Amino acid sequence: MMVVDDESWGRKSVSKMIAELRLDVEVVSEARNGAEAMALIPVSQPHIIVTDMNMPVMNGQQFLEQLYHRYNHIKVIVISGHTQFEFMKAAVTYQACEYVLKPVSLADLKSAMIKAMEASRSHLSIEQRQQFASEMRKLQTEAFLQNVTGRRIANAADIVYRSAELLSDLLPGRYRLVVCMLRRFRELAETKFHGNADLLMFSVENMMNEVTREAPLYVYKSDDRMRLCLLLPESFASGEAIRQLLQPFHAAVNGMLDLHVVAGLSSLRDSLEQLPEAFAEANELLRGNLLQGTDLAIYAADSGKPLNCAEVFSGFDAKLLHQAIAAGQASAARRLLDEFARKAEAARSLTIQGAQKELRKLVSAAGSHWESIAAASTLLSDQRAIDGIMSVEALLNYTSQLSTAIERHIVETTAPGAANPISEIAAYLDEHYFEDIGLIDIATRYHMDPSYLSKQFKSVTGENFIEYVTRKRMEKACDLLRESNRKINDISELVGYENQRYFSQVFKKFTGQTPSEYRELQPIVFPNAKN
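Residues numbered from 1 in each chain as written. Predicted model: local features only at pLDDT ≥ 70, side-chain atom pairs only at ≥ 80, totals over all residues. Heavy atoms only, no water.

**Digging into the pairing of strand β9 (residues 260-265)**
No. 1: Counting buried residues in β9 gives six out of six residues, a clear majority hidden from the surface.
No. 2: Burial along β9 is two-sided: H260, V262 and G264 and V261, A263 and L265, pointing in opposite directions, are all buried.
No. 3: As defined by bridge partners, strand β6 (residues 175-183) adjoins β9 across six bridges and the pair is classed as antiparallel. Note that in β9 the partner of M181 across the bridge is V262.
No. 4: Sheet topology places β9 next to strand β10 (residues 297-300); four bridges connect them, and they run parallel. Across the sheet, residue V262 finds its bridge partner in β10, namely A297. (Buried < 20%, exposed > 50% of the residue type's maximum accessible area, 1.4 Å probe, protein only. Helix = DSSP H or I, 4+ residues; strand = E, 2+ residues; numbered from the N terminus. Pairing = 2+ DSSP bridges.)

Set out below in structure tokens:
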């Protein structure tokens, strides 16, 4: 079955009701409109389609007409909240099996489903019925494995009974689970598949089934439909055998879609009840692969200790980014994010897991401003987006969109043309941080009450006056330590500290390192190095 509705909740609701009916059907795909459904049909090959009528791009009337002329063997159930004559006429004209009005009851849906199933089966030849039965078994097996992996089936007796029925040629016996993802999967779905990740995954799954059709394994999609899982018996689950199995798949997706396979391989498991743990382990190992690379990448439970990734965005950097956002300093935020992107791109040992951890630091640094910042970007507002970042290109794109969104947030939260004395004061401190200036000096200069200034300054910047001045001094000290060979004593004086010992104490409090340690640990930058 395919479910077509422009509302996500509508598709999920219908799919859930179909599952509750416990009929001999499986929902193989969903589409947001008629045009998207027409593109999915050759891939998912549904026997029955449940569709809404009032949809954008290609509405229900146009969709029914195209189905009638191109795929008249597919049986259609219309579910609509409208009783418009045109909609009902189209359903009759193009031979829909049933027209069900919203809100849909389980009884009405079941009646329509049985009618469509009987109509579909009456048109099948014996060979087609055998093929249908084979397809249904495959779908039921995938649904079973998905449910066990997602702990929706957890009863040991139920697992044993269903596995004996559906996996008799593989189990009982020990097994390993491979979890595969594709670098740039999300980007390709957006650019070449009109944002429909399901359509891309169907294409990828077909390639996997084609190249592994002779192997003793089961292939199924993860719940988020971004991962392919391979269940293999112990006899076929050595690291080398799996690499030989996946190499043709990598070549196929690389040649046809310019994608690259990244995989994690679990340790051996004794029973199917352990499938959730095997999935979690393989998924975690998958993220141990390097962020950079175009070859087939497989990280297994017996591959040794994961790489020790260097930190790209320190706690001090996160503090600087948070304060830049809070103080409305777009240029400072952009500079920090540009530096983050440069370091991440140059970090050859950065793993997928490490990159995702570093990106979450950026999100955390935004603090209470995140919701407003993320609203400016579909990518940023997707809570699963970071989990799907598998390449340097994806990391750089995420960082670029974040930088743009922060700048937009700062512009929108600053009243156009309105005088902002705190912003002026912050700008003055940015230029005079090295001078011996205090809160009372600034309050006098700007004709403000010191107590009121202190409260307003903390409210706008997120720091009190001393914290802000100290941070600016530490930022400049870091720049001088990185970019010059000046003595630490000279740097101390340049940023406003006459006592080098006190300067070193303050510097270590803010960065976690002494000035000497900070200078020694800075990476050597090769400007002409290519990724």
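Structure's up, so let's keep going.
**Details of the sheet that holds β10**
No. 1: Strands sit in the order β7-β8-β6-β9-β10 across an open sheet of five strands; the sheet is mixed. The outermost strands of the open sheet, each flanked by one partner alone, are β7 (218-221) and β10. The average angle at which neighbouring strand axes cross in this sheet is 20 degrees, direction not considered.
No. 2: As paired strands, β6 and strand β8 (residues 228-233) are joined by six bridges and run antiparallel to one another. Its bridge partner being in β8, V178 is matched across the sheet by L230. (Axes fitted to C-alpha atoms, helices over the stretch in contact; angles between N-to-C directions.)

**Things to note about the environment of A35**
No. 1: Turning to its location among the elements, A35 is positioned in helix α2 (residues 34-44).
No. 2: On a C-alpha basis, the gap between A35 and L268 in space is 44 Å, while along the polypeptide they are 233 residues apart.
No. 3: For A35, the contacting residues outside a window of four places in its chain are V57 and M58. (Contact = heavy atoms within 4.5 Å.)

**Quick word on the side chain of S391**
No. 1: Structurally, S391 can be placed in the loop between α16 (378-381) and α17 (392-412).
No. 2: Those residues within four positions of S391 in sequence are excluded, and the remaining contacts are R183, R184, E187 and L291.

**Regarding the packing of α2 against helix α3 (residues 60-70)**
No. 1: Remark: α2 packs on α3, axes separated minimally by 10 Å, with the N-to-C direction vectors making an angle of 25 degrees. Between α2 and α3, the angle falls in the class roughly parallel. Relative to α3, the crossing made by α2 is right-handed. In this structure, α2 uses G34, A37, M38 and I41 to contact α3, whose residues at the interface are F63, Q66, L67 and R70.
No. 2: Residues that form the contact of α2 with α3 fall into these classes: five nonpolar, two polar and one charged. (Parallel < 35°, antiparallel > 145°, perpendicular 65-115°, else oblique. Left-handed = near helix turned anticlockwise from the far one by under 90°. Nonpolar A, V, L, I, M, F, W, Y, C, P; charged D, E, K, R; others polar.)

**Thoughts on the environment of D295**
No. 1: Summarising the element assignment, D295 is placed in the loop between α11 (275-286) and β10.
No. 2: The exposure class assigned to D295 is exposed, which follows from its relative accessible area of 58%.
No. 3: In this structure D295 touches H250 and V261, once residues within four positions along its chain are discounted.

**Points about the sheet that holds strand β2 (residues 29-31)**
No. 1: Pairing is parallel in the open sheet, where five strands are placed in the order β2-β1-β3-β4-β5. In the strand order of this sheet, the two ends are held by β2 and β5 (98-101), each with one partner. Taken pair by pair, the neighbouring strands of this sheet meet at an average axis angle of 20 degrees, ignoring direction.
No. 2: Where strand β4 (residues 75-80) lies against β5, four bridges are found, and the strand directions are parallel. Following the sheet pairing, S80 is matched in β5 by L101.
No. 3: Strands in contact with α3 are β1 (2-4), β3 (48-51) and β4; relative to β3, the strand with the most contacts, it is inclined by about 170 degrees.

**Remarks on the nonpolar core**
Soluble globular proteins tend to pack their nonpolar side chains together in the buried interior.
No. 1: Residues L230, L246, L321 and Y398 are the most contacted members of the largest nonpolar core, which totals 137 residues.
No. 2: A total of eight residues in this core trace back to one element, the largest contributor, which is α17.
No. 3: Sequence-distant contacts of L230, defined by excluding residues within four places in its chain, comprise R176, L177, V178, C180, M208, L217, Y218, V219, L245 and L246.
No. 4: Residues M17, V25, I77 and C97 belong to the second largest nonpolar core, which totals 19 residues. (Core = buried A, V, L, I, M, F, W, Y, C linked by side-chain atoms within 4.5 Å.)

**So, α3**
No. 1: Turning to α3, its buried residues are G60, F63, L64 and L67. Taken around the axis of α3, the buried residues stretch over an arc of 100 degrees, which confines them to a single face. Turned more than 90 degrees away from the buried face of α3, the exposed residues are H69 and R70.
No. 2: Looking at the packing, one finds that the buried side of α3 touches β1, α2, β3, β4 and α4 (85-93).
No. 3: You can read the cap of α3 off the contacts: a side-chain oxygen lies 3.1 Å from the backbone nitrogen of Q61, and it is on N59. (Arc of directions from axis to C-beta. Polar contact = N/O pair within 3.5 Å; in protein donor to acceptor, adjacent residues only side chain to side chain.)

**Side note on the pattern of salt bridges**
Side chains that differ in charge, positive against negative, can pair when their charged atoms come close.
No. 1: Applying the stated rule across the entire model yields 30 salt bridges.
No. 2: In this structure, the salt-bridge partner of E358 is K361, at a minimum N-O distance of 3.1 Å. Pair noted here: E358 and K361 are both in helix α14 (residues 352-366), with a separation of three residues, about one helical turn. Note on accessibility: E358 and K361 belong to one class, buried.
No. 3: Connected via shared salt-bridge partners are R335, D430, E463, R471, K472 and E475. (Salt bridge = Lys/Arg side-chain N within 4 Å of Asp/Glu carboxyl O.)

All we've got here are geometric facts, nothing functional implied.
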